[in-house]
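As a plain string of letters, each chain reads:
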There are 2 protein chains.
Amino acid sequence: MASPDPGKLSLNGATVKKQWGLAQIIEGCARHGIRGIAPWRDQVHALGLKQTRALLDTHELTVTGLCRGGFFTAANWLDDNRRAIEEAHTLGAQCLVLVVGGLPSGSKDLMHARERIRECISILLPEARQAGVPLAIEPLHPMQAAERACINTLEQALDLCDALGEDGTKAQCALGVAVDVYHVWWDPKLQDQIARAGRQRILAYHICDWLVPTRDLLNDRGMMGDGVIDLPRIRGWVEAAGYAGFHEVEIFSELDWWKRDPDEVLRTCKERHASLT
Amino acid sequence: MASPDPGKLSLNGATVKKQWGLAQIIEGCARHGIRGIAPWRDQVHALGLKQTRALLDTHELTVTGLCRGGFFTAANWLDDNRRAIEEAHTLGAQCLVLVVGGLPSGSKDLMHARERIRECISILLPEARQAGVPLAIEPLHPMQAAERACINTLEQALDLCDALGEDGTKAQCALGVAVDVYHVWWDPKLQDQIARAGRQRILAYHICDWLVPTRDLLNDRGMMGDGVIDLPRIRGWVEAAGYAGFHEVEIFSELDWWKRDPDEVLRTCKERHASLT
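Residues numbered from 1 in each chain as written. Chains lettered and ligands numbered in written order. Predicted model: local features only at pLDDT ≥ 70, side-chain atom pairs only at ≥ 80, totals over all residues. Heavy atoms only, no water.

### Some points on the pairing of strand β5 (residues 96-99) of chain A
All names here are of chain A.
Argument step 1. Taking every second residue as pointing to the same face, both faces of β5 are buried, with L96 and L98 on one and V97 and V99 on the other.
Argument step 2. Relative to β5, strand β4 (residues 66-70) runs parallel, the two sharing four bridges. Residue pairing across strands places L66 opposite L96, the latter belonging to β5.
Argument step 3. Pairing analysis gives three bridges linking β5 to strand β6 (residues 135-137), with the strands arranged parallel. Each bridged residue has a counterpart across the sheet, and for L98 the counterpart in β6 is I137. (Buried < 20%, exposed > 50% of the residue type's maximum accessible area, 1.4 Å probe, protein only. Helix = DSSP H or I, 4+ residues; strand = E, 2+ residues; numbered from the N terminus. Pairing = 2+ DSSP bridges.)

Structure (structure tokens):
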């Protein structure tokens, strides 16, 4: 496996969100020669949408995704997702990442929650298409099914794309998937489903690592190389499917990386990306 | 959905293993009118195999499973699993539960680990068949893939049964699955795969609940009714597949149930089983 192109490294803002605001993250990426970035909307709002766009332009960063739309169980889901699409459009984001939401409070009806998600995305899809913002369904790890997303495998996400008419045969794909190794590395069908997704529908590729032991279900992700995910193998599958986009580092790490000097975090991301993914 | 038959309640020994030894667990089940039990091998060894058998006979308990065989990545896997089959035979267990093991230390090669598991089970299967002890592959939640079991969906477990010639068409099934709601509740293909498993291959049905939030990846299971698993619905699927066996309560709960009076735990299991599963 050849080493990845360092120019394909992207930084998801969550990786240093506890240390830096968005202006600092953008300037940090520029300083460290990281050419892609995926900002979070709360940080975009704090900096201001126009100011964010201007600063991204100044440093010529590619926005590999806007985090995030989705959470279709919330009362204001439609307005919020419309705003997210507008923001993604303004920022020139390659996709809007959808974390679809889990069970509504008090409900145990996963099938109903999944049906509702299908309906919500079908409503949103024409607006996203018109805005030129592809929607990326991010299947989340099954341990997040109740609280954050009840789309939990790549197969399920692609079945949903198929059901909504986005089977990957169109030249411009308005709906696809974000493949985050943290959520899907364990899946016995991963290789097949990455191939099925294909170049058209893999809208983002997120990397980090799975720590052993994992001490928290949400915020204990590892830096590439510190865990058990076979990152070169999965990158091989993604590239074999035709994906040639960025590799976005997204690390939620309450116990480790969020406590470190963010310049050290960015240096480490670069080193590990080059040597261990 | 009709309430379940109280006579089908079984207690997995892990549920009160921090409070009681096996003799106390057996006597506790008898005292509370719980007719099934699934002991753990360390507790069987501590009590003695013959003594365990004698005490089970005294109280006429059904052994709904012996926990556990598997861990095929261990050096002594073959000897240990042979002993487990003998013990299950001696105890008249309805199955030997296989927790198949995760990644070997230092490895990131899930595909190889899974291939090894297939080979180990194929070696064990004739011996289990001869001893009249069905092997129950327990797919574990994907969050346990690295450390405990890299069989992580019911579909994957059934594919393995198929590959080893146990497609569920024989009158006597030597290899099947243990369906534990905690591990599989999130699976979008659960209903289909339970139907596929069928009466012949569902060798055990384990219940508990998924807590929100879940504070630990291993030992924070909930009592039935305290979480978000739609237990009556899943029981409906299992019964529709023809399963008519026990409902085994297995709760690992460092923070709650392991700290309580075990008689209270057993009373609660009975009440919740009758009203909420």
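After presenting the structure, the write-up continues.
### Quick word on the interface of chain A and chain B
Argument step 1. With 37 residues of chain A in contact, the opposing surface of chain B contributes 36 residues.
Argument step 2. If you sort the residues of chain A by the area they bury against chain B, A:K108, A:W186 and A:L217 come out on top, with a joint share of 21%.
Argument step 3. Counting across the chain A and chain B interface gives four salt bridges.
Argument step 4. With its nearest N and O atoms 3.1 Å apart, the salt bridge here joins A:E155 to B:K189.
Argument step 5. Taken together, the links from chain A to chain B amount to eight residue pairs in polar contact (both at pLDDT 80 or more).
Argument step 6. When residues of the side of chain A that touches chain B are traced back to their parent elements, those giving at least two are α5 (110-131), α6 (154-163) and α9 (231-240) of chain A.
Argument step 7. When its residues are assigned to classes, the side of chain A that touches chain B shows 17 nonpolar, nine polar and 11 charged. (Contact = heavy atoms within 4.5 Å. Buried area = accessible area lost by both parts, 1.4 Å probe. Salt bridge = Lys/Arg side-chain N within 4 Å of Asp/Glu carboxyl O. Polar contact = N/O pair within 3.5 Å; in protein donor to acceptor, adjacent residues only side chain to side chain. Nonpolar A, V, L, I, M, F, W, Y, C, P; charged D, E, K, R; others polar.)

### Some thoughts on the pattern of salt bridges
Argument step 1. By the definition in use, this model includes 48 salt bridges over all chains.
Argument step 2. Salt-bridge contacts for A:D162 lead to A:R201; the nearest nitrogen and oxygen are separated by 2.8 Å. With A:D162 in helix α6 and A:R201 in helix α8 (residues 190-201), this residue pair connects regions lying 39 residues apart in the sequence.
Argument step 3. B:E127 is the partner of B:R82 in a salt bridge, and the nearest nitrogen-oxygen pair spans 2.9 Å. Of this pair, B:R82 sits in helix α4 (residues 77-91) while B:E127 sits in helix α5 (residues 110-131), and the two are 45 residues apart along the sequence.
Argument step 4. Taking the relative accessible area as the measure of exposure, B:R82 reaches 33% and is therefore partly exposed.
Argument step 5. Overlapping salt bridges, with partners in common, bring together A:R41, A:D80, A:R83 and A:E87 in one network.

### Let's talk about unusual backbone geometry
Leave glycine aside and you will find that most residues have negative phi; peptide bonds, for their part, are mostly trans.
Argument step 1. The step from A:C67 to A:R68 runs through a cis peptide bond, and the omega angle for that step is -5°.
Argument step 2. Structurally, the position occupied by A:R68 is in strand β4.
Argument step 3. One non-glycine residue, B:E60, lies in positive phi territory at about 50°.
Argument step 4. Along the chain, B:E60 turns up in the loop between α3 (49-59) and β3 (62-63).

### Quick look at the sheet that holds β3(B)
All names here are of chain B.
Argument step 1. The parallel open sheet is built from nine strands, whose spatial order is β3-β2-β1-β9-β8-β7-β6-β5-β4. Edge positions in the sheet fall to β3 and β4 (66-70), since each has one partner strand and no second.
Argument step 2. The strands that helix α10 (residues 262-276) touches are β1 (9-12), β8 (202-207) and β9 (247-249); relative to β1, the one it contacts most, it runs at about 140°. (Axes fitted to C-alpha atoms, helices over the stretch in contact; angles between N-to-C directions.)

### Here we look at α6(A)
Argument step 1. The element α6(A) is largely enclosed, with a buried count of seven among its 10 residues.
Argument step 2. Considered for burial, the residues of α6(A) that qualify are A:L154, A:E155, A:Q156, A:A157, A:L158, A:L160 and A:C161.
Argument step 3. Residues of α6(A) that are buried sit in contact with α5, β6, β7 (175-180) and α8 of chain A together with α6 (154-163) of chain B.
Argument step 4. Looking one or two residues past α6(A), A:G165 carries a phi angle of roughly 85°, positive in sign.

### Thoughts on the side chain of A:S10
Residues and elements named next belong to chain A.
Argument step 1. Summarising the element assignment, S10 is placed in strand β1 (residues 9-12).
Argument step 2. With relative accessibility at 1%, the residue S10 sits in the buried group.
Argument step 3. At 3.1 Å, the side chain of S10 and the backbone nitrogen of I37 are in polar contact.
Argument step 4. Here the side chain of S10 touches T64 through a polar contact of 2.8 Å, side chain to side chain.

### So, the pairing of β1(A)
Residue and element names in this part refer to chain A.
Argument step 1. Alternating positions in β1 separate into two faces, L9 and L11 on one and S10 and N12 on the other, with burial throughout.
Argument step 2. With three bridges connecting them, β1 and strand β9 (residues 247-249) associate as parallel partners. Residue pairing for β9: L11 is matched across the bridge by V249.
Argument step 3. Tracing the backbone out of β1, into helix α1 (residues 22-32) and back to the parallel element strand β2 (residues 36-38) gives a crossover that is right-handed. (Right-handed = clockwise from strand over helix to strand, strands pointing away.)

### Quick word on the sheet that holds strand β3 (residues 62-63) of chain A
Working definition: the strands of a sheet are paired by backbone hydrogen bonds and lie parallel or antiparallel to each other.
All names here are of chain A.
Argument step 1. Spatially, nine strands are ordered β3-β2-β1-β9-β8-β7-β6-β5-β4 in an open sheet, and the strand pairing comes out parallel. On the outer flanks of this sheet lie β3 and β4, each paired with one strand and no other.
Argument step 2. Contacts between α1 and the sheet are confined to β1 and β2, with β2 contributing the most and set at about 160° to the helix.
Argument step 3. Along the sheet, α9 makes contact with β8 (202-207) and β9, crossing β8 at roughly 170°.

### Topic: the relation of the copies chain A and chain B
Argument step 1. With an RMSD of 0.0 Å, the operation that places chain A on chain B is a rotation of 180° combined with a shift of 0.0 Å along the axis. Such a combination of rotation and displacement between the chain copies is what one expects of a two-fold axis.
Argument step 2. Of the interface residues in chain A, 97% have counterparts in chain B that sit at the interface too, so the contact is made through matching surfaces. (Least-squares fit on C-alpha atoms with pLDDT ≥ 70 in both.)

### Topic: the state of the cysteines
Residue and element names in this part refer to chain A.
Argument step 1. Under the defined criterion, the tally for this structure stands at zero disulfides over all chains.
Argument step 2. Between C67, a cysteine without a disulfide, and C95, which holds the nearest cysteine sulfur, the sulfur-to-sulfur distance is 7.8 Å.
Argument step 3. Overall, the relative accessible area of 3% leaves C67 in the buried class.
Argument step 4. Classification of C95 as buried rests on a relative accessible area of 0%. (Disulfide = S-S within 2.5 Å.)

### Section: the packing of aromatic side chains
Residues and elements named next belong to chain A.
Argument step 1. With the rule as written, the count across this model stands at 13 aromatic pairs over all chains.
Argument step 2. Joined through ring pairs, the aromatic side chains of W40, F252 and W258 make up one cluster.
Argument step 3. The ring of W40 carries K17 above its face, with NZ or CZ at 5.7 Å from the centroid. (Phe/Tyr/Trp six-rings, centres within 6.5 Å; stacked < 30°, edge-to-face > 60°. Lys NZ or Arg CZ within 6 Å of the ring centre and 35° of its normal.)

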